[in-house]
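# Reading the structure
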Amino acid sequence: MNRDLTEGNINRRLLEFALPLMAGNLLQQFYNIADTWVVGRFLGPKALAAVGSSYTLMVFLTSVFSGLCMGSGVAFSIYFGKKDFERLKSAIFLSFSFIGAVTFVLNVLLFPGLDGIIRLLRVPDDTAPFMKTYLFIIFMGIAASFLYNYFACLLRAVGNSLAPLFFLGVSVVLNVALDLVFVLVFEWKVGGAAIATVMSQFVSAAGILVYTLVKFRDIRPQKRHMHWNKKIFGEMISLSFLTCIQQSVMNLGILMVQGLINSFGSVVMAGYAAAVKIDSFAYMPVQDFGNAFSTFIAQNYGAGKGERIKKGIRSASLVVIVFCVLVGAIVCILANPLMKIFIDAADADIIAAGAGYLRMVASCYIGIGFLFLFYGLYRAVHRPGFSVVLTVISLGTRVMLAYFLSAIPEINVKGIWVAIPIGWFLADLTGAIGFFYLNRRKKLF
């Protein structure tokens, strides 16, 4: 089902489109939560630390092509809002060819660089063998991750957020089942968890590819669209490249912090590995709401509906405030019980490390909630460079403060946790100032 977000009740249209997107990415978290739960419960803290660090690395690596896909999705939304289907089809061909080539090159370079990556992340010797095994297998699924992300962004750009949810749901169920079989029955250890993830990714990729080709013939490129078009490629790459930079910078900063966390040993690594899954699961809906908000803005921006965009901004802001306050309170109160889902109660030090992180960041979720709205807004109005600026401020502050504060003995690892919300709020302040300046001087809408 396609949704034209330029017509109808704003709140209802936005939520109808956003809810399947939220549900889909909550399911996406089960890929890693399933691995984390099985590994943490049955293979021990060192294996858990390896899988957790691998997750941070993979998010950074896949941000290269996922950022390109997200940027292309904004271009698709604008063409769809204008009802310019000829440009849309040409953009689909050009973006798929370009992003597919980037993904292939990335994948080829990763395998020979595996040992160097592990050393760069300062992974302890007792954890490195687990991480190497897990990553070697996970790298084989990068092509599947590209295919799913590309076609999910395409479908969402034209208002279909239900199909990606369906295929992801099937894949998640398969992943959980295979995790249990490969780790508990076949005893393949961390390799089994990785194989389960890769197989599940290929199922979702194949499903959404076939579905799009069969069900969306009206946007499928034809022979006349399969040629070089400098103007369309330039429009698309201006959005895609800067969105890719923004995603990559964001996750590079997170990866640098992961390296700092690793230097505190396997106890802190394991606590963070479990806590960051809970954290990601908690704020993921507001991140997806930001992506849905971006599609809403992009379609209406393409259609020239400025008043509708302003009303949508007010509605989205209210949703973010309510969600972040409620979810943040729940995570703060239940931090210890949530950690015990992944960690045995006897490992009190690991639980304490993870719970400390959770309470610090969850109490400030409103900061990241508005940051996601600013990211989506700037992408949608052809100002992706501002998203890069916000990311540099947020992550730059986080990295610098984390390294500085954690070096103070009295603060220690808590310095890493407190640096996170400070970065969010500084970026929010910059985003608000930038928006009012642009809208006043440039008349965005």
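Residues numbered from 1 in each chain as written. Predicted model: local features only at pLDDT ≥ 70, side-chain atom pairs only at ≥ 80, totals over all residues. Heavy atoms only, no water.

## Section: the overall build of the protein chain
Along the backbone of the protein chain there are 16 helices and 0 strands. Taken over C-alpha atoms, the radius of gyration comes to 21 Å for the protein chain, in line with the 22 Å a tight globule of 445 residues would show. Counting only C-alpha atoms and orienting by the principal axes, one finds that the protein chain spans roughly 60 × 45 × 35 Å. Counting the 445 residues in the protein chain, one finds 58% classified as buried. Put simply, of all contacts in the protein chain between residues at least 6 apart along the chain, 82% involve residues at least 24 apart. Accessible area of the protein chain: about 17,700 Å², with a carbon and sulfur share of 69%. Across the protein chain, the 37 positively charged side chains and the 21 negatively charged ones have centroids separated by 12 Å. (Helix = DSSP H or I, 4+ residues; strand = E, 2+ residues; numbered from the N terminus. Rg over C-alpha atoms; globule rule 2.2 N^0.38 Å. Buried < 20%, exposed > 50% of the residue type's maximum accessible area, 1.4 Å probe, protein only. Contact = heavy atoms within 4.5 Å. Areas by Shrake-Rupley, 256 points an atom, 1.4 Å probe, with all protein chains shown as cover. Lys, Arg positive; Asp, Glu negative; His and termini not counted. Charge placed at Lys NZ, Arg CZ, Asp CG, Glu CD.)

## Quick word on the nonpolar core
Ranked by internal contacts, the top residues of the largest apolar core, which has 137 residues, are I297, M339, Y357 and Y365. Top contributing element to this core by residue count: helix α2 (residues 45-82), with 18 residues. Setting aside residues up to four positions removed in sequence, M339 forms contacts with G271, A274, A275, I278, I350, I351, G354, A355 and L358. (Core = buried A, V, L, I, M, F, W, Y, C linked by side-chain atoms within 4.5 Å.)

## Quick look at a nonpolar patch on the surface
On the surface, a nonpolar cluster with roughly 830 Å² of combined accessible area is contributed by W37, F42, V176, L180, V181, L184, V185, F186, W188 and I341. Sort the elements by how many residues they give to the nonpolar patch and helix α7 (residues 162-185) lands first, with 5 residues. Its location among the elements puts F42 in helix α1 (residues 10-42). Classification of F42 as partly exposed rests on a relative accessible area of 43%. (Patch = residues over 30% accessible without salt bridge, like charges linked within 9 Å, V, L, I, M, F, W, Y side chains within 5 Å. Salt bridge = Lys/Arg side-chain N within 4 Å of Asp/Glu carboxyl O.)

## Comments concerning empty space enclosed by the protein
Tallied over the full model, the rule gives 2 cavities of 30 Å³ or more. Those elements giving two or more residues to the lining of the second largest cavity turn out to be α9 (230-262), α10 (266-303) and α14 (365-380). Among the elements that take part in the lining of the second largest cavity, α14 stands out by supplying 4 residues, more than any other. For the lining of the second largest cavity, the per-class residue count stands at 4 nonpolar, 5 polar and 1 charged. (1 Å grid on protein atoms, 1.4 Å probe; cavity = no way out; pocket = protein on both sides within 12 Å on 5 of 7 lines; lining within 4 Å. Points joined across faces, edges and corners; volume = space filled by probe spheres on them. Nonpolar A, V, L, I, M, F, W, Y, C, P; charged D, E, K, R; others polar.)

## Points about the pattern of salt bridges
On inspection of all chains with the given rule, the structure shows 5 salt bridges. Where R224 meets E86, a salt bridge forms, and the shortest distance between an N and an O atom there is 3.0 Å. Separated by 138 residues along the polypeptide, R224 in the loop between α8 (189-215) and α9 and E86 in helix α3 (residues 85-110) bring together distant segments of the chain. You can call R224 partly exposed: its relative accessible area is 48%.

## Brief notes about the environment of G385
Along the chain, the position of G385 falls in helix α15 (residues 384-406). Spatially, the C-alpha atoms of G385 and S238 are 9.2 Å apart, while their sequence positions differ by 147 residues.

## Topic: the packing of aromatic side chains
Applying the stated criterion across every chain, the model contains 27 aromatic pairs. With a centroid separation of 4.9 Å and 45° between ring planes, the pair formed by W228 and F233 is classed as tilted. For W228, a relative accessible area of 56% gives the class exposed. For F233, a relative accessible area of 17% corresponds to the buried category. With a centroid separation of 5.1 Å and 80° between ring planes, the pair formed by Y357 and W417 is classed as edge-to-face. Of this pair, Y357 sits in helix α13 (residues 348-362) while W417 sits in helix α16 (residues 414-441), and the two are 60 residues apart along the sequence. The same class applies to Y357 as to W417, namely buried. Among the aromatic residues, ring-to-ring pairing joins F65, F76, F96, F146, Y150 and F151 into one connected group. (Phe/Tyr/Trp six-rings, centres within 6.5 Å; stacked < 30°, edge-to-face > 60°.)

## Points about the side chain of S95
Secondary-structure assignment places S95 in helix α3. A polar atom in the side chain of S95 sits 2.8 Å from the backbone oxygen of A91. Discounting residues that sit within four places of it in the chain, S95 has contacts with S72, F76, G100, Y150 and M236. (Polar contact = N/O pair within 3.5 Å; in protein donor to acceptor, adjacent residues only side chain to side chain.)

## Quick look at unusual backbone geometry
A positive phi angle is found at K83, which is not glycine, with a value near 60°. With respect to the helices and strands, the residue K83 is situated in the loop between α2 and α3. When its relative accessible area of 41% is taken as the criterion, K83 is described as partly exposed. We note that N412 has phi near 55°; this positive angle belongs to a residue other than glycine. Assignment of secondary structure puts N412 in the loop between α15 and α16.

## Some remarks on the side chain of S387
Mapped onto the elements of the fold, S387 is located in helix α15. Dropping the residues within four chain positions of it, S387 is found in contact with Q246, F374, Y375, Y378 and R379.

## Re the packing of α14 against α15
One way to put it is that α14 packs onto α15 with a least axis distance of 7 Å and a crossing angle of 155°. Looking at the two axes, α14 sits roughly antiparallel to α15. As for how α14 packs across α15, the hand of that crossing is left-handed. Within the contact between the two elements, α14 uses L371, F374, Y375, Y378 and R379 and α15 uses P384, F386, S387, L390, T391 and S394. Of the residues in the contact of α14 with α15, the class split is 7 nonpolar, 3 polar and 1 charged. (Axes fitted to C-alpha atoms, helices over the stretch in contact; angles between N-to-C directions. Parallel < 35°, antiparallel > 145°, perpendicular 65-115°, else oblique. Left-handed = near helix turned anticlockwise from the far one by under 90°.)

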